[in-house]
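Working through the structure, step by step
Single-letter residue listing:
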Amino acid sequence: TAAATLAHAFWQGVQELATLPEDEVATLLILAPTGYYDDNFVEFAAIFDDLLEPSIQATGSETIVGRALFHPTYDSKILGHQQLLPGHALPAKMVDGFFDQYSSTMEDAKPDLVSIANANDAVRWTPHATINLLRRSQLTAAKEVEAASPRKKPNWIYARNVLRILKTDPSLSSSSSSSTGETGETN
């Protein structure tokens, strides 16, 4: 089945990151089987959340790999999560908090929550259903570099990505959506 094929590729990737040297492989993109998940975000997320992520936790493999889920129609509203979940985009309210944290140093106006949520989902859009496996040691090293930086801005990258996406695709802005008749919750 497609789920078994995806799980097999996922665990092959985890094994590669666990056994091969960092200079040979640092990150892997696991593409879901063609024709099964690109048009079905809910099913793809369920395979990740209900099969792959529990197996990562059960085997203690979260010490080896970080995970990031990408999909052509990634939509956090469908998932309904309000807290941080492994592999998923940060909740929009959390990213909104990063804007508040760095508002005194921002040149751009803070977007409203609907725009933040739209752009935050767009960060996870890819042409195909994909899982990015990242070497945990490199994620840890990146956090250490950020912490040692004289210009520390932990988590600013999430707010910056939202701003960049909104500049690239203004249709994701709630002000753009409301002009086409769509409505959304604002701050």
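Our structure's up above, just so we're on the same page.
What counts, and where the lines are drawn
- Residues numbered from 1 in each chain as written.
- Predicted model: local features only at pLDDT ≥ 70, side-chain atom pairs only at ≥ 80, totals over all residues.
- Heavy atoms only, no water.
- Helix = DSSP H or I, 4+ residues; strand = E, 2+ residues; numbered from the N terminus.
- Rg over C-alpha atoms; globule rule 2.2 N^0.38 Å.
- Buried < 20%, exposed > 50% of the residue type's maximum accessible area, 1.4 Å probe, protein only.
- Contact = heavy atoms within 4.5 Å.
- Areas by Shrake-Rupley, 256 points an atom, 1.4 Å probe, with all protein chains shown as cover.
- Salt bridge = Lys/Arg side-chain N within 4 Å of Asp/Glu carboxyl O.
- Phe/Tyr/Trp six-rings, centres within 6.5 Å; stacked < 30°, edge-to-face > 60°.
- Lys NZ or Arg CZ within 6 Å of the ring centre and 35° of its normal.
- Polar contact = N/O pair within 3.5 Å; in protein donor to acceptor, adjacent residues only side chain to side chain.
- Axes fitted to C-alpha atoms, helices over the stretch in contact; angles between N-to-C directions.
- Parallel < 35°, antiparallel > 145°, perpendicular 65-115°, else oblique.
- Nonpolar A, V, L, I, M, F, W, Y, C, P; charged D, E, K, R; others polar.
- Core = buried A, V, L, I, M, F, W, Y, C linked by side-chain atoms within 4.5 Å.

The subject of this paragraph is the overall build of the protein. When helices and strands are tallied, the protein shows eight helices and three strands. Its helices and strands taken in sequence order, the protein reads α-β-α-β-α-α-α-β-α-α-α from the N to the C terminus. Against the 2.2 N^0.38 benchmark of 16 Å for 187 residues, the protein shows a C-alpha radius of gyration of 18 Å, consistent with a compact globule. Based on the C-alpha atoms only, the size of the protein along its principal axes is roughly 50 × 45 × 25 Å. Here the protein holds 187 residues, and the buried ones make up 40% of them. In the protein, the share of contacts with a sequence separation of at least 24, taken over all contacts with a separation of at least 6, comes to 77%. Roughly 10500 Å² of accessible area belongs to the protein as shown, and the carbon and sulfur atoms make up 55% of that amount.

Looking at where P91 falls in the secondary structure, it is placed in the loop between α3 (76-79) and α4 (92-102). With 86 residues separating them along the chain, P91 and T5 place their C-alpha atoms 29 Å apart. Discounting chain neighbours no more than four positions away, the residues touching P91 are H81, Q82, Q83, L84 and N120.

What follows concerns the pattern of salt bridges. Throughout the structure, instances matching the rule amount to four salt bridges. E53 is the salt-bridge partner of R67, the closest N and O atoms lying 2.7 Å from each other. With a gap of 14 residues between them, R67 in strand β2 (residues 65-70) and E53 in helix α2 (residues 41-59) connect regions that are remote in the sequence. The exposure classification of R67 matches that of E53, with both residues buried. For K110, the salt bridge is made with D96, and the minimal N-O distance between the two is 2.8 Å. One end of the pair, K110, is in the loop between α4 and α5 (113-122); the other, D96, is in helix α4, and 14 residues separate them in sequence. You can call K110 partly exposed: its relative accessible area is 31%. Through salt bridges with shared partners, a single network forms among D96, D100 and K110.

Once that is clear, we can look at the packing of aromatic side chains. For the structure shown, the criterion picks out six aromatic pairs. Judged by centre distance (5.9 Å) and plane angle (45°), the ring pair of Y37 and F44 falls under tilted. A residue is classified by how much of its surface remains accessible, and F44, at 1% relative accessible area, is buried. Above the face of the F70 ring, R124 is positioned so that its terminal group lies 5.1 Å from the ring centre.

Most of α5 sits out of view: ten of its ten residues are buried. Among the residues making up α5, those that are buried are L113, V114, S115, I116, A117, N118, A119, N120, D121 and A122. The residue sitting at the N-terminus of α5 and contributing the capping side-chain oxygen is D112; that oxygen lies 3.0 Å from the backbone nitrogen of V114.

Relative orientation and spacing of two packed helices are given, respectively, by the angle between their axes and the distance between those axes. Orientation of α5 relative to helix α7 (residues 156-168), taken along the N-to-C sense of each, is 90°, at an axis distance of 9 Å. Between α5 and α7, the angle is such that the two are roughly perpendicular. Across the interface between the two elements, S115, I116, A119, N120 and A122 from α5 touch V162, I165 and L166 from α7. When grouped by side-chain class, the residues that make up the contact of α5 with α7 number six nonpolar, two polar and no charged.

Next up on the list: the nonpolar core. Core analysis: the biggest nonpolar cluster contains 26 residues, and L6, Y37, F44, L52, I131 and L133 have the highest contact counts within it. Ignoring anything within four residues of it in the chain, the contact list for Y37 reads A2, A3, L6, A32, E43, F44, I47, H71 and A129. Ranked by size, the runner-up nonpolar core spans 19 residues in total, among them L90, A117, W156 and L163.

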